[in-house]
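Here are the chains, one letter per residue:
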Amino acid sequence: MNIHWQSFSDFLAMGGYGLYVWGSFGVTALILALEPMLAVRRRRGLLLRLGRQLRAERG
Amino acid sequence: MNNRLINWFKYASPQSFYPLAGKLIPWFAAAAVVFGAAGLWLGLAVAPTDFQQGEGYRIIFVHVPASWMSMFIYLVMAFWAGLGLAYNTRLSGMMAQALAPTGALMAFLSLWTGALWGKPMWGTWWVWDARLTSELILLFLYIGFIALQASIDDPRRADKAGAVLALVGVVNIPIIYFSVKWWNTLHQGSSVSLTKSPSMAALMLWGMLLMALAFWMYSIAVALYRVRGIMLERERGSEWVKSVLQAEGTK
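The rules behind the values
- Residues numbered from 1 in each chain as written.
- Chains lettered and ligands numbered in written order.
- Predicted model: local features only at pLDDT ≥ 70, side-chain atom pairs only at ≥ 80, totals over all residues.
- Heavy atoms only, no water.
- Contact = heavy atoms within 4.5 Å.
- Buried area = accessible area lost by both parts, 1.4 Å probe.
- Salt bridge = Lys/Arg side-chain N within 4 Å of Asp/Glu carboxyl O.
- Polar contact = N/O pair within 3.5 Å; in protein donor to acceptor, adjacent residues only side chain to side chain.
- Helix = DSSP H or I, 4+ residues; strand = E, 2+ residues; numbered from the N terminus.
- Nonpolar A, V, L, I, M, F, W, Y, C, P; charged D, E, K, R; others polar.
- Patch = residues over 30% accessible without salt bridge, like charges linked within 9 Å, V, L, I, M, F, W, Y side chains within 5 Å.
- Areas by Shrake-Rupley, 256 points an atom, 1.4 Å probe, with all protein chains shown as cover.
- Buried < 20%, exposed > 50% of the residue type's maximum accessible area, 1.4 Å probe, protein only.
- UniProt positions renumbered as here; feature names shortened; annotations may be inferred.
- Axes fitted to C-alpha atoms, helices over the stretch in contact; angles between N-to-C directions.
- Parallel < 35°, antiparallel > 145°, perpendicular 65-115°, else oblique.
- Phe/Tyr/Trp six-rings, centres within 6.5 Å; stacked < 30°, edge-to-face > 60°.

What to know about the interface of chain B and chain A
The interface is formed by 46 residues belonging to chain B together with 33 residues belonging to chain A. Note on chain B versus chain A: buried area summed over both sides is about 3400 Å², and carbon and sulfur give 71% of it. Between the two partners, chain B and chain A, sit four salt bridges. A salt bridge links E35 of chain A to R226 of chain B, with the shortest nitrogen-to-oxygen separation between them at 2.6 Å. Applying the counting criterion to the chain B and chain A interface returns 12 residue pairs in polar contact (both at pLDDT 80 or more). Of all the elements, helix 4 (residues 90-122) of chain B adds the most residues to the side of chain B that touches chain A, at 12 residues. For the side of chain B that touches chain A, the residue count by class is 29 nonpolar, eight polar and nine charged.

Below, the structure is given as structure tokens:
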């Protein structure tokens with residue numbers, strides 16, 4: 001289980017495929033971070049809205 | 001009736017599924033992080049160079065899990081949709097609705113990472129071959145399902161319309177899966193094989209399986225999180241939602 005890379009720049013370069021490899025991992029990471037963040041925001045908004053409705057209903 | 005049957009039905013109602021889902025989400029999220037970290041470590045730090053594709057093959061560690069999930073989520077979504085059509089259960093439509101956005105994102109990621117892999121290996125971002133085209137159709141099926149449901153105000157009718165679309169679209173899944181065998185496609189068959197060079201392929205295979213598990217756990221966590229919101233929204237008039245809202249309000 002040795003680390004495959006000689007140096008950090010070696011790691012970033014990905015043997016010349018850096019753009020493609022990091023373009024894939026980067027966009028995947030972005031989406032998998034954004035989706036939960038948006039879901040949390042949406043839920044907070046929903047709870048506020050439903051809470052307000054409930055209070056209005058009960059007067 | 002025996003106990004197991006009663007328990008099964010117990011969780012089929014939104015008011016008992018809601019707290020169960022709430023308890024499960026942190027575990028699935030934690031599992032996604034752990035498997036993801038292990039998979040990234042194997043895939044990006046430890047796994048050796050591929051003898052044909054150099055370092056470019058590492059895209060496999062996100063491409064294959066995203067592609068698998070895009071197909072698998074669709075099957076689960078269609079299963080729930082079909083269940084809802086057949087038995088008119090409340091939970092089914094909510095589950096299908098909760099899964100669609102994650103499935104669409106997985107289909108998009110599959111196409112995106114596929115394009116970034118295709119360019120250096122085949123010399124093109126895109127070709128209209130059977131595998132790529134049917135995956136694009138899968139993305140459109142997800143988007144169509146979401147748009148159709150959003151366009152119908154009555155949730156029960158939206159569920160039914162969505163379910164019909166989802167079930168018709170199931171035909172596409174075996175087409176995607178077997179396309180590389182049925183037609184002469186540019187897309188290769190399975191690239192990780194244990195027969196080539198066992199010790200080397202094993203690390204790659206494990207990295208890929210761990211990433212697939214991470215994507216799996218992620219999808220379950222996000223879908224459960226989303227379904228809880230849909231439950232509150234759809235059942236907002238009911239007593240159980242009111243008590244949930246009160247409990248949330250006092251936090």
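From this point on, the discussion continues.
Re a nonpolar patch on the surface
Side chains of L30, L34, M37 and L38 of chain A sit close together on the surface and give an oily, nonpolar patch of about 410 Å² of accessible area. Mapped onto the elements, L38 of chain A comes out in helix 2 (residues 18-58).

Some points on the pattern of salt bridges
Taken as a whole, this structure holds nine salt bridges over all chains when the rule is applied. Residue E233 of chain B pairs with R49 of chain A through a salt bridge whose shortest N-O separation is 3.3 Å. With E233 of chain B in helix 8 (residues 198-234) and R49 of chain A in helix 2, the pair connects residues from two separate chains. For R49 of chain A, a relative accessible area of 35% puts it in the partly exposed group. Connected via shared salt-bridge partners are R49 of chain A together with E233 and R236 of chain B.

Focus on the UniProt feature "transmembrane region" (unreviewed entry) in chain B
Residues and elements named next belong to chain B. The sites that carry the UniProt feature "transmembrane region" (unreviewed entry) are, in the present numbering, residues 24-46, 66-86, 98-118, 130-150, 162-180 and 200-225. In residues 24-46, helix accounts for 100% and strand for 0%; the two terminal C-alpha atoms are 32 Å from one another. In residues 162-180, the share of helix is 89% and the share of strand is 0%. The end C-alpha atoms are 29 Å apart.

Here we look at the UniProt feature "domain: Cytochrome c assembly protein" (unreviewed entry) in chain B
Residues annotated in UniProt with the feature "domain: Cytochrome c assembly protein" (unreviewed entry) correspond here to residues 13-187 of chain B. From the first C-alpha to the last, residues 13-187 of chain B spans 44 Å; its make-up is 81% helix and 0% strand.

Section: the packing of helix 2 of chain A against helix 4 of chain B
Following both chains from N to C, one finds helix 2 of chain A and helix 4 of chain B inclined at 170°, their axes separated by 9 Å at the closest point. Here helix 2 of chain A is positioned roughly antiparallel relative to helix 4 of chain B, judged by the angle of their axes. Of helix 4 of chain B, the residues touching helix 2 of chain A (which contributes Y20, G23, S24, V27, T28, I31, L32 and E35 of chain A) are P101, T102, L105, M106, F108, L109, W112, T113, L116, K119 and P120 of chain B. For the contact of helix 2 of chain A with helix 4 of chain B, the class distribution of residues is 12 nonpolar, five polar and two charged.

Remarks on the side chain of H63 of chain B
Residues and elements named next belong to chain B. Relative to the assigned elements, H63 resides in helix 3 (residues 60-87). Polar side-chain contacts of H63 include one of 3.2 Å to the backbone oxygen of S110. Non-local contacts of H63, meaning those with residues more than four positions away in its chain, are made with S110, T113, G114, W117 and H187.

Regarding the packing of aromatic side chains
Residue and element names in this part refer to chain A. All told, the structure shown has 15 aromatic pairs over all chains when counted by the stated rule. With a centroid separation of 5.6 Å and 70° between ring planes, the pair formed by W5 and F11 is classed as edge-to-face. A residue is classified by how much of its surface remains accessible, and F11, at 18% relative accessible area, is buried. The interplanar angle of 75° and the centroid separation of 5.2 Å between the aromatic rings of F11 and W22 together place this pair among those described as edge-to-face. Of this pair, F11 sits in helix 1 (residues 8-13) while W22 sits in helix 2, placing them 11 residues apart in sequence. With relative accessibility at 26%, the residue W22 sits in the partly exposed group.

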